[in-house]
Amino acid sequence: MEETKLVTLGTAEFDNPSDLYYVVDFLNHTMKERGFVFGLSKGEEGLLNISVYEEYDQ
């Protein structure tokens, strides 16, 4: 089985994260079959960072 690698396609910061977790979950369920994965992390100054990755086999 080949190893899968993620490539970051973009990242954005948000200061009002009220429902952002639901958006990321929705995107992961919707776009996973197309090879896209979305991540959410807390950055500096309490801002939330959303990242977009593309899956591909090495």
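Overview of the structure. Worth saying up front: this structure is predicted, and the values here are computed from it rather than measured. For every chain, the first residue of the written sequence is number 1, and numbering continues from 1 along that sequence. With pLDDT at 70 or above as the cut-off, local features in this predicted model cover only qualifying residues; side-chain atom pairs require 80 or more to be listed or tallied, and sums for whole chains, interfaces and linings still use all residues. With hydrogens and water stripped out, all remaining heavy atoms of the structure feed into the side-chain values.

Turning our eyes to something else, we now look at the overall build of the protein. On a plain count of helices and strands, the protein comes out with one helix and three strands. Reading the protein from its N terminus to its C terminus gives the helix and strand order β-α-β-β. The C-alpha extent of the protein, read off along each of the three principal axes, is 40 × 20 × 15 Å. For each residue, the accessible area found with a 1.4 Å probe, counting protein chains only, is set against the maximum for its type, and the residue is called buried under 20%, exposed over 50%, and partly exposed in between. Classification of the 58 residues of the protein by burial places 17% in the buried group. Pairs at least 24 residues apart make up 56% of the contacts formed inside the protein by residues separated by at least 6 positions. Each accessible area value is a Shrake-Rupley result obtained with a 1.4 Å probe; residue values ignore everything except the protein chains displayed when judging cover. When the accessible surface of the protein is totalled, it reaches about 4,600 Å², and 50% of it is carbon and sulfur. For this count, His and the chain ends are skipped, Lys and Arg are scored as positive, and Asp and Glu as negative. Note that the charge is assigned to NZ on lysines, CZ on arginines, CG on aspartates and CD on glutamates. Separation between the mean location of the 4 positive side-chain charges and that of the 12 negative ones in the protein comes to 3 Å. Helix numbering and strand numbering both begin at the N terminus, where a helix is a DSSP run of H or I of at least 4 residues and a strand a DSSP run of E of at least 2. By definition in these notes, contact holds between two residues if any of their heavy atoms fall within 4.5 Å.

A few words now on the pairing of strand β2 (residues 36–42). Bridge analysis of β2 against strand β3 (residues 48–57) gives seven bridges, and the strand direction is antiparallel. In the strand pairing of β3, K42 is matched with L48. DSSP-based pairing: two strands are paired if at least 2 bridges between them are found. The turn linking β2 back onto β3 is made up of five residues, and E45 within it adopts a positive phi angle of 60°.

Backbone hydrogen bonds are what pair the strands of a sheet, in a parallel or an antiparallel way. Pairing in this open sheet of three strands is antiparallel, and the strands run β1-β3-β2 from one edge to the other. One side of each edge strand has no neighbouring strand; the edge strands of this open sheet are β1 (4–14) and β2. Strand after strand, the sheet turns through a mean of 25° between neighbouring axes, direction not considered. Most of the contacts of helix α1 (residues 20–31) go to β2, to which it runs at about 160°, and overall it touches β1, β2 and β3. Axis geometry follows a simple rule: fit a line to the C-alpha atoms, using only the stretch in contact for helices, then measure angles between N-to-C directions, giving values from 0 to 180 degrees.

A separate point is the pairing of β3. Sheet analysis places β1 next to β3, joined by 10 bridges and oriented antiparallel. Opposite E13, over in β3, you have N49 as the bridge partner.

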